[in-house]
Amino acid sequence: MNIFKTKAYSGNSDAAILIKVPYENLDECQIGYLFVRVNNKTVLPLQDVALKIIDLDQTKNTYQYLLASLEDKNNRSKKNAKPLKTAPSP
């Protein structure tokens, strides 16, 4: 509802909405009660739309670990995807 800056992501997994909350006194429960516009006709409480609401500031170490793990996995898959050199056949 234009209260927060948001970014939305979708892809091969569940969609994600990242919200930067400018107020320190709001927790995940209270944010769940805020209304979000799903489409032109539908407005619902965030808790009815969200599978989970996570405070990334409180879970920063876990978040950094997950990002590092993903980067490591991507780097390993890039190394494994290098073409094999074969001897030319006559």
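### A look at the overall build of the protein chain
For the protein chain, the helix and strand inventory stands at three helices and four strands. The secondary structure elements of the protein chain, listed N-terminal to C-terminal, are β-β-α-β-β-α-α. A fraction of 21% describes how many contacts in the protein chain between residues 6 or more apart in sequence connect residues 24 or more apart. When the accessible surface of the protein chain is split by element, carbon and sulfur atoms take 53% of a total near 8,800 Å².

### Observations concerning the environment of Arg37
Residue position: Arg37 is located in strand 3 (residues 35-37). From its side chain, Arg37 meets the backbone oxygen of Asn40 in a polar contact 3.5 Å long.

### Brief notes about the confidence of the model for the protein chain
Per-residue confidence for the protein chain averages 75 on the pLDDT scale, and 74% of its residues sit at or above 70. Element-level mean pLDDT values for the protein chain span from 66 in strand 1 (residues 5-9) up to 88 in strand 4 (residues 43-45).

Basis of the calculations
Residues numbered from 1 in each chain as written. Predicted model: local features only at pLDDT ≥ 70, side-chain atom pairs only at ≥ 80, totals over all residues. Heavy atoms only, no water. Helix = DSSP H or I, 4+ residues; strand = E, 2+ residues; numbered from the N terminus. Contact = heavy atoms within 4.5 Å. Areas by Shrake-Rupley, 256 points an atom, 1.4 Å probe, with all protein chains shown as cover. Polar contact = N/O pair within 3.5 Å; in protein donor to acceptor, adjacent residues only side chain to side chain. pLDDT = per-residue confidence, 0-100.

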